[in-house]
Amino acid sequence: MQLQRVSIIGSGSYVPEKILSNSDLEKMVDTSDEWITTRTGIKERRIVEDGVSTSDLATRAALKALESAKVSPEQLDLIILGTATPDNLFPSTACYVHQKIAAVNASAFDISAACCGFVYSLTVGYKMVSSGASKNALIIAADALTKLTDYTDRATCVLFGDGAGAVVLQPHNQGHELLYSHLGADGSGTDLMILPAGASKMPASHKTVDERLHYIKLRGREVFKFAVIKMADLVIAAVKECSLTLDDVALIIPHQVNLRILESAAERLNISMDKIFVNIHKYGNTSAAATAIAFDEARNSGRLKKGDIVVLVAFGGGLTWGVNVIRW
Ligand code: ACO
């Protein structure tokens, strides 16, 4: 089978209007703007209003991506949505988006890869288009983690925000080309970031509610160490696989997990922070959506120039990790 080259032909993103600032959090738990800023780099995050779900965020980002790609919903033959916070356990959130945008000719499914939802979905979409199975693929990453955040737990509630990002893929014509993807996982880390209850392993009960098991549990210090090493190793391996060097890379767009993690990874890579796209101060960690929103913002702010080598890199719950290399 002849594999086709694949292009990103449009992108879009959306974050809710409502802002939760560090000073707001100071009134809710025993924390301070100073602690949150120095430990995470986060100043504020966007949170969804009651009644808004992940598919609503995803739909807003998807419509912007379609507009930027000049592709109509009817032209889509595939929708892939990366999320850790689906509207329901089933049906898939991708099917809700399918209905909301009237993508009547598309298949639709979700990918569960926590913070790697975008790089995983992008990679699967890339392979689908590359194989000829799809000609117009909509790839979305969306999360509403604040719906599952325990606002009495200061160790987690300062970290998360909500949002969505999307791209449209087509066989390569003259757009921005996906050159390489790599995904990985380590199931021995399943308990490092987990939503313990509410599915088949521990269905909802009075006990699970009383024990606050429907909220995100996190072993932050261990995730921190894993993320620094993984981010650096993934970037080095990916550029090597593309017969490039770090000097050829114009911009790294990482999962927005913690500014200190990004700074430590930059140090490990021996590159300047100028080469790393950062927007965590505005949005916090938006899980799967973070890399997609950052990509769209980098594109809209003119950070990507024709011919630039751009590396998307993410790591997250599972544990999962992934990297994509793009020639802009
Ligand atoms: N305000 C004030 N103090 C706090 C807060 C807070 N919001 N949260 C924790 N503390 C306290 C702790 O209680 C602890 O106090 P103690 O020393 O008296 O016990 C102290 O601060 C240090 O706590 P640590 O957990 O060691 O703080 P650390 O420097 O590791 O920062 C953080 C915590 C920000 C979570 C960090 O570990 C981190 O960023 N981890 C990785 C990111 C992460 O896990 N993201 C979640 C998503 S997973 C993913 O996206 C890959």
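Residue positions are counted from 1 within each chain, in the order its sequence is given. Only residues with pLDDT of at least 70 get local features here, since the model is predicted, and only at 80 or more are side-chain atom pairs given and counted; chain-wide, interface and lining totals rely on the full set of residues. To get the side-chain values, all heavy atoms of the structure are used, and hydrogens and water are removed first.

With that out of the way, let us pick up the domain arrangement of the chain. Interface size is commonly expressed as the accessible surface area that is lost when the partners come together. Each assigned domain of the chain is listed here: domain 1 (6-175) and domain 2 (179-327). The C-alpha centroid of domain 2 is placed 14 Å from the C-alpha centroid of domain 1. Each side of the interface is counted separately: domain 1 has 50 residues, and domain 2 has 45 residues. Buried area: the sum, over both parts, of the accessible surface (1.4 Å probe) that disappears when the two are put together. Summing both sides of the interface, domain 1 and domain 2 together bury roughly 3,700 Å²; the carbon and sulfur share of this comes to 64%. Considering only the surface of domain 1 that becomes buried against domain 2, C115, Y120 and L148 emerge as the three largest contributors, covering 17% of it. Any carboxyl oxygen of Asp or Glu that lies within 4 Å of a side-chain nitrogen of Lys or Arg is treated as forming a salt bridge with it. If you look at where domain 1 meets domain 2, you find 1 salt bridge. Residue R212 pairs with D150 through a salt bridge whose shortest N-O separation is 3.0 Å. For this analysis, a polar contact is any N or O atom pair within 3.5 Å, provided that within protein one partner can donate a hydrogen and the other can accept it, and provided that sequence-adjacent residues contribute only side-chain to side-chain pairs. The interface formed by domain 1 and domain 2 contains 21 residue pairs in polar contact (both at pLDDT 80 or more). By definition, any uninterrupted DSSP run of H or I lasting at least four residues is a helix, any uninterrupted run of E lasting at least two residues is a strand, and each is numbered from the N terminus. Taken together, the elements giving at least two residues each to the side of domain 1 that touches domain 2 come down to β1 (6-14), α2 (33-40), β3 (44-46), α5 (117-130), β6 (137-144) and β7 (162-171). If one sorts the elements of the side of domain 1 that touches domain 2 by residue count, α5 sits on top with 7 residues. The split of the chain into domains comes from an automatic or database domain assignment. By definition in these notes, contact holds between two residues if any of their heavy atoms fall within 4.5 Å.

So, on to the pairing of β6. Each residue is placed in one exposure class: buried if its accessible area under a 1.4 Å probe, protein chains only, is under 20% of its type's maximum, exposed if it is over 50%, and partly exposed if it falls in between. With 8 of 8 residues buried, β6 is to be regarded as a mostly interior element. A pair of strands counts as paired when DSSP detects no fewer than two bridges linking them. Here strand β4 (residues 78-82) pairs with β6 via 5 bridges, running parallel. Across the sheet, I79 pairs through a bridge with L138, a residue of β6. Note that β6 and β7 share 8 bridges and pair antiparallel. In the sheet register, D143 faces β7, and the bridge partner there is G163.

Every helix has an expected span of 1.5 Å times one less than the residues it contains. Along its 22 residues, helix α8 (residues 220-241) runs 31 Å from first to last C-alpha, staying within 8% of the 32 Å computed at 1.5 Å per residue. Within the span of α8, buried status applies to V223, F226, A227, V228, K230, M231, A232, L234, V235, A238 and V239. Its buried side turned inward, α8 meets β8 (176-185), β10 (217-218), β11 (249-254), α9 (259-269), β12 (309-316) and β13 (320-327). The positive-phi residue at the C-terminal boundary of α8 is S243, with phi of around 55 degrees.

Side-chain positions along a regular strand alternate between the two faces of the sheet. When you tally the buried positions in β13, you get 7 out of 8 residues, the bulk of the element. Here β8 runs beside β13; their pairing, made up of 8 bridges, is antiparallel. Each residue of the ladder has a partner; that of A185, found in β13, is T320. Sheet topology note: the β12/β13 ladder contains 8 bridges and is antiparallel. The residue of β13 that forms the bridge with V311 is V325. Where β12 hands over to β13, the hairpin turn is made up of 3 residues, of which G318 adopts a positive phi near 145 degrees.

What follows concerns the site of the ligand. Any residue with a heavy atom lying within 4 Å of a molecule or strand is counted as near it. Around the ligand, a shell composed of 25 residues is seen, among which T31, R39, R154, R221 and N258 lie nearest. Contact distances for the ligand include 2.9 Å between a nitrogen atom and a backbone N or O atom of R154. N258 is positioned with one of its side-chain polar atoms (N or O) 2.5 Å from an oxygen atom of the ligand. Here the open area of atoms and residues is found with the Shrake-Rupley method and a 1.4 Å probe, where only the protein chains shown may cover a residue. For the ligand, whose accessible area on its own is 1,000 Å², the fraction buried by protein is 77%. Mapped onto the shell around the ligand, the elements with two or more residues apiece are α2, α6 (154-157), α8, α9 and β12. In terms of residue count, the dominant contributor to the shell around the ligand is α8 (4 residues). Basically, the charged four are Asp, Glu, Lys and Arg, the nonpolar ten are Ala, Val, Leu, Ile, Met, Phe, Trp, Tyr, Cys and Pro, and anything else, Gly included, counts as polar. Looking at the shell around the ligand residue by residue, the class counts come to 13 nonpolar, 7 polar and 5 charged. Mapped onto the domain boundaries, the shell around the ligand takes at least three residues apiece from domain 1 (6-175) and domain 2 (179-327).

All right, on to the environment of I19 then. Mapped onto the elements of the fold, I19 is located in strand β2 (residues 19-21). With a relative accessible area of 38%, I19 lands in the partly exposed category. C-alpha of I19 to C-alpha of T123: the two residues are 104 residues apart in sequence and 32 Å apart in space. When neighbours within four sequence positions are excluded, I19 is seen to be in contact with D24, E44, R45 and R46.

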